Protein chains: 2
Amino acid sequence: MTSIRKVAVESGLPAKTIRYYEDIGLVRPARSANGYRVFSPADVQKLSFLARARSLGFSIEDCRALLALYEDRSRASADVKRVAEHHLARIARKIAALQSMQATLTVLVERCHGDDRPDCPILDDLARHTSSGAA
Amino acid sequence: MTSIRKVAVESGLPAKTIRYYEDIGLVRPARSANGYRVFSPADVQKLSFLARARSLGFSIEDCRALLALYEDRSRASADVKRVAEHHLARIARKIAALQSMQATLTVLVERCHGDDRPDCPILDDLARHTSSGAA
DNA sequence: CTTGACCTTCCATTAACTGGAAGGTTTATA
DNA sequence: TATAAACCTTCCAGTTAATGGAAGGTCAAG
């Protein structure tokens, strides 16, 4: 259970991504005589941790910080919480931005008859939102 | 009203971005004798169109398509609508993914006492979501 | 004639991978 | 034994949509 392919299956990360994570210093698997990577159970655990953190949208740098906290038995949970709260704030901002786009676009799409005629409220909106042609 | 700096103010796009848009063929401003870009009112209109489309989250390639439709007086509004609907679908998927992360993280953050003690439900979650340690 | 505000091009960097080339190793099979 | 399949390795390039900065040309004012 130590070759990269097996660890990929185990952790849910593509082998390519695992190599990338080693490149950027998130994991340091050992090497066997032939140069192949050898992953310890702790390495696999780290990679699964990373997969989960990434799936929750944490950036690689957040993951690096979370991993350090994870491995620091004397961490303060406040430090972890702070990282998560910042991330939650980012998520909330992204959702708000997307919902704003969604609202605007939904209205425009509803108004567009969508047939073979050229007049189109969507293009009208895009063209109208010009400082010069504001009215 | 034709220098890049003025067009930047007018369109709301950074000068750097306008040069980039020329690079990738979205606009083709004329050049004056000294090599400076000279923007026609139509160029400015195009750039404003792009700024608006980008602000609604359309990709550059979508923008390219929308701009082509905008300039095609014999377009079918159905073609525009299709692009917008695909984009709306992408937005909806992104929102759903973010909301899922938000829900999970909110629960974890609420559970984390966030003090100087090391035990932390957030790290527990990240570490627990391992195929091996599935509980 | 020089300072400052413009403008130009070109190169590097960002985030987080992903694809593919070129080549070494190991295992299975004919 | 030969060789092919199925692994593994490193390294380079590309993706999105810009952004930062260096090096240098131009132009109006004082």
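A. Broad picture of the side chain of Ser11 of chain A. Among the structural elements, Ser11 of chain A can be located in helix α1 (residues 4-11). For Ser11 of chain A, the contacting residues outside a window of four places in its chain are Ile18, Leu47, Ser48 and Ala51 of chain A.

B. Structural detail: helix α1 (residues 4-11) of chain B. Residue and element names in this part refer to chain B. Inspection of α1 places Ile4, Val7, Ala8 and Ser11 among the buried residues, and these make up the whole buried set. One face of α1 carries all of its buried residues, which in axial projection span an arc of 105 degrees. Turned more than 90 degrees away from the buried face of α1, the exposed residues are Arg5 and Val9. In this structure, the buried side of α1 is in contact with α2 (15-23), β2 (37-38) and α3 (41-55). Once α1 finishes, Gly12 follows within two positions and takes phi at roughly 85 degrees, a positive value.

C. Looking closely at the environment of Asp79 of chain A. Residue and element names in this part refer to chain A. Counting through the fold element by element, Asp79 comes out in helix α5 (residues 77-111). Sequence spacing of Asp79 and Arg28 is 51 residues, and the spatial spacing of their C-alpha atoms is 24 Å. Within the structure, Asp79 has its side chain in polar contact with the side chain of Arg82 (distance 2.6 Å).

D. Quick peek at the packing of helix α4 (residues 60-71) of chain B against helix α5 (residues 77-111) of chain B. Residue and element names in this part refer to chain B. Viewed as axis vectors pointing N to C, α4 and α5 meet at an angle of 160 degrees, and their least axial separation amounts to 10 Å. Taken together, α4 and α5 sit at an angle that is classed as roughly antiparallel. The way α4 lies across α5 gives a crossing that is left-handed. Of α5, the residues touching α4 (which contributes Asp62, Leu66 and Leu69) are Asp79, Val80, Val83, His87 and Arg90. In terms of residue class, the contact of α4 with α5 is made up of four nonpolar, one polar and three charged.

Scoring rules and cut-offs
Residues numbered from 1 in each chain as written. Chains lettered and ligands numbered in written order. Predicted model: local features only at pLDDT ≥ 70, side-chain atom pairs only at ≥ 80, totals over all residues. Heavy atoms only, no water. Helix = DSSP H or I, 4+ residues; strand = E, 2+ residues; numbered from the N terminus. Contact = heavy atoms within 4.5 Å. Buried < 20%, exposed > 50% of the residue type's maximum accessible area, 1.4 Å probe, protein only. Arc of directions from axis to C-beta. Polar contact = N/O pair within 3.5 Å; in protein donor to acceptor, adjacent residues only side chain to side chain. Axes fitted to C-alpha atoms, helices over the stretch in contact; angles between N-to-C directions. Parallel < 35°, antiparallel > 145°, perpendicular 65-115°, else oblique. Left-handed = near helix turned anticlockwise from the far one by under 90°. Nonpolar A, V, L, I, M, F, W, Y, C, P; charged D, E, K, R; others polar.

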